[in-house]
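Listed here are the chains, written in short residue letters.
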Amino acid sequence: MAESDWDTVTVLRKKGPTAAQAKSKQAITAAQRRGEELETTKKWSAGQNKQHLVTKNTAKLDRETEELHHERVPLEVGKVIQQGRQAKGLTQKDLATKVNEKPQVIADYESGKAIPNNQVMGKIERVIGMKLRGKDIGQPLEAKPKQK
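Conventions adopted
- Residues numbered from 1 in each chain as written.
- Predicted model: local features only at pLDDT ≥ 70, side-chain atom pairs only at ≥ 80, totals over all residues.
- Heavy atoms only, no water.
- Helix = DSSP H or I, 4+ residues; strand = E, 2+ residues; numbered from the N terminus.
- Buried < 20%, exposed > 50% of the residue type's maximum accessible area, 1.4 Å probe, protein only.
- Contact = heavy atoms within 4.5 Å.
- Areas by Shrake-Rupley, 256 points an atom, 1.4 Å probe, with all protein chains shown as cover.
- pLDDT = per-residue confidence, 0-100.

1. Topic: the overall build of the chain
Okay, so step 1: Broken down by element type, the chain carries seven helices and zero strands.
Okay, so step 2: Each helix and strand of the chain, ordered N terminal to C terminal, gives the series α-α-α-α-α-α-α.
Okay, so step 3: Residues classed as buried in the chain amount to 18% of the 148 residues present.
Okay, so step 4: The contacts of the chain with a sequence gap of at least 6 include a subset with a gap of at least 24, amounting to 45%.
Okay, so step 5: Approximately 13,100 Å² of the chain is accessible, and the part contributed by carbon and sulfur atoms is 50%.

2. Side note on the confidence of the model for the chain
Okay, so step 1: This prediction gives the chain a mean pLDDT of 78; 70% of its residues lie at or above 70.
Okay, so step 2: Model confidence for the chain, summarised as mean pLDDT per element, is weakest for helix 3 (residues 56-63) at 61 and strongest for helix 5 (residues 92-98) at 93.

This is the structure:
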């Protein structure tokens, strides 16, 4: 018992500042006051969702000037989709379900507001049985014979 001294305290491990605390403005200024060397780097576009990053070209397209604009589905195609859908007795929702799209997509195609997508156009062609692309828009879709 003579070996233990009640006045001294031994600290085995002291936690350093966490990453967030070390990067705080207060921690940086305190380190600068102490004269410590600091290395600060700002990451370019860190913490941004790059999927929705707007570039100059998309901003120009959104303004839709005369020479630079999105191609839309022609109204003629929209009317053919509507006529073919009604001939089959389908609603916009039914057609959307058959082509695995949202009903708003079908509404946009019929009103001529949609930007044409060949995959969606092909699916709609197969369901309504009418051509939507090429020279003979509105003609019945010919079933191609299966090759052996």
